[in-house]
Amino acid sequence: MLIKNKTHKNSNKTQTVKKQFSQKNKRKTLKKSEDLFICGRNSVKEALNENQIKKIFIKSGNNDQRLKDIVKIAQNKNIPIQIEEQEILDKMSDGVRNQGIVASMKPFEYSDLEEVLLKAKEDPLIVLLDGVEDVRNIGAIVRTAECAGVSAVLLPKHKSAPVTAAAIKTAAGAFSYLPVCEIGNIRQTLEHLKEKGFWVVGADMEGELLYYESNLKGPLVIVMGAEGKGISLLTKKMCDFLVRIPMKGKVSSLNVSVAAALLIYESVKQRG
């Protein structure tokens, strides 16, 4: 069974919702989060190439050629470099494996959703995370989304973990290329996207269709919920349809980043 694309009816959309959304999402200077440290060769190099680094801290006595290449790039960009002992780097990276290099980033810049929509390709694909608080899962989803050509990942301000060093490390540089938008009210955001022609599909264990039996073409928002909780009831009501992933073993669910990857790439496959 396939769910056919259809045109959303806008006649019942209230002006109040439009006004509230525009007030909260009007174009403005990109919102910045607190300063953070990232670590690991790939993450630091990607951020360095995107001019997101303020200062680099590197392990003393390290002869790794890949680190030397990163240092050379930093020197060409006039970015300060400081030599530190491994113990200091470990404290700075807060337990995340750092491979002998840590960098202080400029404040992470969330993208503006309206700007993303203006620049998006035809039939954009967006991923919205509802209550996902594990920063490594967020990083893994951002990495998959960037690889698959997703237009943006949306993180609710009050129902999601912020972008942290662990998330950036897990994403292996994807945060440097994929727009990540911090949104306010999920319902208002989905209403706004529906008005622009998006369908909204939620991943849920009680979904009426298997994900690969559903029509995931066209402008689409894939909503993923937190592990153990899933999508909130209010968000489910905003979804046009729910899909499930078949589970054949004794474990009842997949890690949310794995589940997101399945839905994302099924949508990519259907689009050709």
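Residues numbered from 1 in each chain as written. Predicted model: local features only at pLDDT ≥ 70, side-chain atom pairs only at ≥ 80, totals over all residues. Heavy atoms only, no water.

Per an unreviewed UniProt entry, the recorded name for the protein chain is 23S rRNA (Guanosine-2'-O-)-methyltransferase RlmB, and the organism is Dialister micraerophilus DSM 19965.

Asker: I'd like a rundown of the sheet that holds strand 8 (residues 199-203), residues and numbers included.
Answerer: Taken in spatial order, the seven strands make up an open sheet running 7-6-5-10-8-11-9, and their pairing is parallel. The two strands at the open ends of the sheet, each matched to only one other strand, are strand 7 (180-183) and strand 9 (209-210). (Pairing = 2+ DSSP bridges. Helix = DSSP H or I, 4+ residues; strand = E, 2+ residues; numbered from the N terminus.)

Asker: Can you tell me about the packing of helix 6 (residues 135-148) against helix 10 (residues 256-271), naming the residues and giving the values?
Answerer: Across the interface, helix 6 lies against helix 10 with an axial gap of 9 Å and an inter-helix angle of 15°. Considered as vectors, helix 6 and helix 10 are oriented roughly parallel to each other. Judged by the sense of rotation from one axis to the other, the crossing of helix 6 with helix 10 is right-handed. In this structure, helix 6 uses Asn137, Ala140, Ile141, Thr144, Ala145, Cys147 and Ala148 to contact helix 10, whose residues at the interface are Val256, Ser257, Ala260, Ala261, Ile264, Tyr265 and Val268. (Axes fitted to C-alpha atoms, helices over the stretch in contact; angles between N-to-C directions. Parallel < 35°, antiparallel > 145°, perpendicular 65-115°, else oblique. Left-handed = near helix turned anticlockwise from the far one by under 90°. Contact = heavy atoms within 4.5 Å.)

Asker: Tell me about the side chain of serine 214, residues and numbers included.
Answerer: Structurally, serine 214 is set in the loop between strand 9 and strand 10 (220-225). Residue classification places serine 214 among the buried residues on the basis of a relative accessible area of 1%. (Buried < 20%, exposed > 50% of the residue type's maximum accessible area, 1.4 Å probe, protein only.)

Asker: Help me get a handle on the packing of aromatic side chains, residues and values and all.
Answerer: Per the stated rule, a full pass over the model turns up five aromatic pairs. Seen in terms of ring centroids, phenylalanine 108 and phenylalanine 175 are 5.7 Å apart; in terms of plane orientation they differ by 85°. Their pairing is edge-to-face. Placement of the pair is phenylalanine 108 in the loop between strand 4 (101-105) and helix 5 (113-119) and phenylalanine 175 in the loop between helix 7 (165-171) and strand 7, with a sequence separation of 67 residues. Take phenylalanine 175: its relative accessible area is 8%, and that puts it in the buried class. Here a set of aromatic residues connected by ring pairs shows up, and it is made of Phe108, Tyr110 and Phe175. (Phe/Tyr/Trp six-rings, centres within 6.5 Å; stacked < 30°, edge-to-face > 60°.)

Asker: Outline the confidence of the model for the protein chain, supporting the account with residue identities and numerical values.
Answerer: Here the protein chain shows a mean pLDDT of 86. Residues at 70 or above account for 87%. Considering only residues more than four positions removed or in separate chains, one finds that residues 1-34, a stretch of pLDDT under 50, has 55 contacts. (pLDDT = per-residue confidence, 0-100.)

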